Number of protein chains: 2
Amino acid sequence: MKTRFKIAQFGLGPIGLETVKLAAAKPWVQVVGGIDIDPAKVGQDLADLTGNKALRECRVYGSLKELLAVVRPDIVFHTAVSRFKLAFDQIEPMAREGINVISSCEELVFPHLREPALATKLDRLCRKTGARIVGTGVNPGFVMDLLPLCLTGVNRSVHGVHIRRVVNASTRREPLQRKIGSGLPPKEFRRLMTANKAGHAGLKESLALLAHGLGWKVKNIVENGDAVVAERDIRTQYLEVKRGQTCGLHQRAEASIGEIQLSLDLQMYLGAGDPLDAVRIDGDPPLDLVIKGGVAGDSATVAMLVNTAPRLSQAPPGLLLMTDLPLPRLA
Amino acid sequence: MKTRFKIAQFGLGPIGLETVKLAAAKPWVQVVGGIDIDPAKVGQDLADLTGNKALRECRVYGSLKELLAVVRPDIVFHTAVSRFKLAFDQIEPMAREGINVISSCEELVFPHLREPALATKLDRLCRKTGARIVGTGVNPGFVMDLLPLCLTGVNRSVHGVHIRRVVNASTRREPLQRKIGSGLPPKEFRRLMTANKAGHAGLKESLALLAHGLGWKVKNIVENGDAVVAERDIRTQYLEVKRGQTCGLHQRAEASIGEIQLSLDLQMYLGAGDPLDAVRIDGDPPLDLVIKGGVAGDSATVAMLVNTAPRLSQAPPGLLLMTDLPLPRLA
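No experiment lies behind these values; they were computed from the predicted model shown. (Residues numbered from 1 in each chain as written. Chains lettered and ligands numbered in written order. Predicted model: local features only at pLDDT ≥ 70, side-chain atom pairs only at ≥ 80, totals over all residues. Heavy atoms only, no water.)

**Describing the packing of aromatic side chains**
Residues and elements named next belong to chain B. Tallying each qualifying case throughout the model produces four aromatic pairs over all chains. Taken together, a centroid distance of 6.2 Å and an interplanar angle of 75° make the contact between Phe-84 and Phe-88 edge-to-face. On the criterion of helical spacing, the pair formed by Phe-84 and Phe-88 is a turn pair, its members being four residues apart in helix H4 (residues 84-96). Judged by its relative accessible area of 1%, Phe-84 is buried. (Phe/Tyr/Trp six-rings, centres within 6.5 Å; stacked < 30°, edge-to-face > 60°. Helix = DSSP H or I, 4+ residues; strand = E, 2+ residues; numbered from the N terminus. Buried < 20%, exposed > 50% of the residue type's maximum accessible area, 1.4 Å probe, protein only.)

**Observations concerning the interface of chain A and chain B**
When the parts come together, some accessible area is lost, and that loss is often what is quoted as the size of the interface. Taken residue by residue, the interface counts 44 residues in chain A and 44 residues in chain B. With both sides pooled, the region where chain A packs onto chain B buries about 3,700 Å², and carbon together with sulfur makes up 65% of that total. Among the residues chain A hides against chain B, the three largest losses belong to Arg-156, Leu-327 and Leu-330 of chain A. Together they make up 20% of the total. Counting every contact that joins chain A to chain B gives four salt bridges. Note that Arg-156 of chain A is salt-bridged to Glu-18 of chain B, the shortest N-O span being 2.8 Å. In this assembly, chain A and chain B are joined by 19 residue pairs in polar contact (both at pLDDT 80 or more). Contributing elements (two or more residues each) for the side of chain A that touches chain B: helix H1 (14-24), helix H6 (146-152), strand E7 (157-168), strand E14 (287-292) and helix H10 (297-313) of chain A. Class assignment for the residues of the side of chain A that touches chain B results in 28 nonpolar, eight polar and eight charged. Strand direction decides the pairing type here: E14 of chain A and strand E14 (residues 287-292) of chain B, joined by three bridges, are antiparallel. Bridging across to E14 of chain B, Ile-291 of chain A finds its partner in Leu-289 of chain B. (Contact = heavy atoms within 4.5 Å. Buried area = accessible area lost by both parts, 1.4 Å probe. Salt bridge = Lys/Arg side-chain N within 4 Å of Asp/Glu carboxyl O. Polar contact = N/O pair within 3.5 Å; in protein donor to acceptor, adjacent residues only side chain to side chain. Nonpolar A, V, L, I, M, F, W, Y, C, P; charged D, E, K, R; others polar. Pairing = 2+ DSSP bridges.)

**Overview of the relation of the copies chain A and chain B**
You can overlay chain A on chain B at an RMSD of 0.0 Å; the transform is a turn of 180° with a shift of 0.0 Å along its axis. Here the symmetry operator amounts to a two-fold rotation axis. For chain A, the minimum C-alpha distance to the rotation axis belongs to Pro-326 of chain A and amounts to 1.9 Å. A share of 100% of the interface residues of chain A reappears at the interface of chain B, consistent with the copies meeting face to face through the same patch. (Least-squares fit on C-alpha atoms with pLDDT ≥ 70 in both.)

**Digging into the environment of Arg-56 of chain A**
Residues and elements named next belong to chain A. Residue placement: Arg-56 occurs in the loop between helix H2 (46-50) and strand E3 (60-61). C-alpha of Arg-56 to C-alpha of Leu-46: the two residues are 10 residues apart in sequence and 6.4 Å apart in space. Residues within four places of Arg-56 in sequence aside, it is in contact with Asp-45, Ala-47 and Asp-48.

**Description of the sheet that holds strand E6 (residues 132-135) of chain B**
Residue and element names in this part refer to chain B. Pairing in this open sheet of seven strands is parallel, and the strands run E3-E2-E1-E4-E5-E6-E15 from one edge to the other. Either end of the sheet is taken by a strand with one partner, and the two such strands are strand E3 (60-61) and strand E15 (318-320). Direction of pairing for strand E2 (residues 29-35) relative to E3: parallel, over a ladder of two bridges. Note on E3: the bridge partner recorded for Gly-34 is Val-60. Against the sheet, H4 touches strand E1 (5-10), strand E4 (75-78), strand E5 (100-103) and E6, its axis set at about 175° to E4. (Axes fitted to C-alpha atoms, helices over the stretch in contact; angles between N-to-C directions.)

**As for the pattern of salt bridges**
Pairing between side chains of opposite charge can happen when their charged atoms approach one another. Summed over all chains, the structure comprises 42 salt bridges over all chains. Close ionic contact of Lys-292 of chain B with Asp-288 of chain A constitutes a salt bridge, the shortest N to O distance being 4.0 Å. Taken together, the residues Lys-292 of chain B in strand E14 and Asp-288 of chain A in strand E14 connect one chain to another. According to the relative accessible area criterion, Asp-288 of chain A is partly exposed, its value standing at 29%. Arg-156 of chain B is the partner of Asp-284 of chain B in a salt bridge, and the nearest nitrogen-oxygen pair spans 3.0 Å. A residue pair is termed long-range when its members are at least 10 positions apart, and Asp-284 of chain B in strand E13 (residues 276-284) and Arg-156 of chain B in the loop between helix H6 (146-152) and strand E7 (157-168) qualify at 128 residues. Using a relative accessible area of 27% as the deciding quantity, one classes Asp-284 of chain B as partly exposed. The network of salt bridges with shared partners includes Glu-18 and Lys-21 of chain A together with Arg-156 and Asp-284 of chain B.

**Overview of the sheet that holds strand E8 (residues 222-229) of chain B**
Spatial strand order, E8(A)-E11(A)-E12(A)-E7(A)-E13(A)-E14(A)-E14(B)-E13(B)-E7(B)-E12(B)-E11(B)-E8(B): 12 strands in an open sheet with mixed pairing. Edge positions in the sheet fall to strand E8 (222-229) of chain A together with E8 of chain B, since each of these pairs with one other strand and no more. When strand polarity is set aside, the average angle formed by the axes of neighbouring strands in this sheet is 10°. Across nine bridges, E7 of chain A lies against strand E13 (residues 276-284) of chain A in antiparallel orientation. Note that in E13 of chain A the partner of Gly-160 of chain A across the bridge is Asp-282 of chain A. Packed onto the sheet, helix H8 (residues 186-194) of chain A meets E8 and strand E11 (246-257) of chain A and runs at close to 160° relative to E8 of chain A. Those strands touched by helix H9 (residues 203-213) of chain B are E7, E8, strand E11 (246-257) and strand E12 (260-269) of chain B, and its axis lies near 150° from that of E12 of chain B.

Structure (structure tokens):
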């Protein structure tokens, strides 16, 4: 690869910092700066925040505008929010400048699902300015959508796709341990999930991307979730959960298209004993895949963001889906 | 999909017949004819050969020229030979006409490995005429190259890829049962393998595609093979093997690029007890994938050929690799 991409990082939480660290290690990347709304971070440099001395000259700016006054990135890694509606206001100015964006925003994995009008608007803007935008990650973005889709490449026919992911949240970052309701009364967590104020974002998007990739029109995705209740006191690196409190979630999304059944089942809780990713395809031939231990979420999300950059840069402009790009791979 | 592709089938052995049957079932396909060099097949129609009455009007011609006198296909499925050198003379006239070709020719999965001059010549021709050519299948073409590549999409780093495929050849088509040496004295089969006159074709190509997809230059791929010797008399639907005779093969390809280790291990023999496909990626994160029972070879090869058609048709012209196309999926 001869091109060296100028990269900026929008959002400097744990995922954002790991992303910029990984990117900095690639010979085809030149990190040019960071953007964050946290006043405590603005004005610092990425060397201080990441511990990578090579990033000494890379300042953190409070906005895209401030960054652009100094340098124009080719690509922005966007790791800030789960909702496309919120991401839109952050990403739209980048698209306006023709800058490519690779985002961990869960709803951006299939933005047409919840916000078709916003998605169309952003797509049109990208086509005008030459920007490319894609949402990616590991879940959504890989284990429950891209990986099963790739498997169906060897299917003559498919009448069911059933995916199960079990994550031991004790091994994950602090925000995730909190996001799954750890320590809340189960009743309270269930209420928040029902109100769509808690839970794992992106399960419906995975299902929608899967169906879209197979050319199937899904009319109704049913999603439901429950709290996993701690059977004993649990202590992690970041927090404590008492017996009887919430220690995680069990969430499912299902849809049927005629005779075809799709189901995605996610268990993510502290101390989960047998983590794995499992994909079962009912079809000709039938396929039964297991990834023992599962794909480690945080590492993999960061990898997927960075690995997507070279392939995105060669794609036609637009608000894209991961299925529009060539096969994922280490870059 | 609005376009209906005109499809012709070159090579009417078991894989070719299954391919044209599957293609005929797709709403986006119009089968227009077959080509075979076997005089017993020429002049028949595909309905007789496949048992699918809808193919009554689709004649078998003795050459591309005879087919072209009647109808021009958009895509030819080519299932005839394993060696690119032999495939070249069959495919070159199609490329000259700007016709797209999807081939099961094992060496076409990475044609630059053994025949770089021919590959360059064919690529140039395609770019001139607008034709697209790609080699695909399940092995090579999926389990030992595309699937592991896709997995590395979630890797921050990789220092080893180790793939193991165990196939119970008793469940496979007759030509494959013979190709693995069934019934030969082990000494004779070993001699044939060493002379490159027997054995599984495409193992080196899988390794080369894998390395290429990761941007690694492989200088030396070491391949070796051995006979698997029957421990008891074996009878399949097609043949008999006595105790002490060859009942299959065990073949390995390996390469290292600096500290990085790649190994592909294939066992394919009659009565293999625990068929599977296993991919182990040593990296960050480590990945340990198993497909229980393995991907059923013949069904999957046929599926891969047909499923590749819509994506190939949207690719830029050239002699392409599967890594140049969007993510594989059911079409």
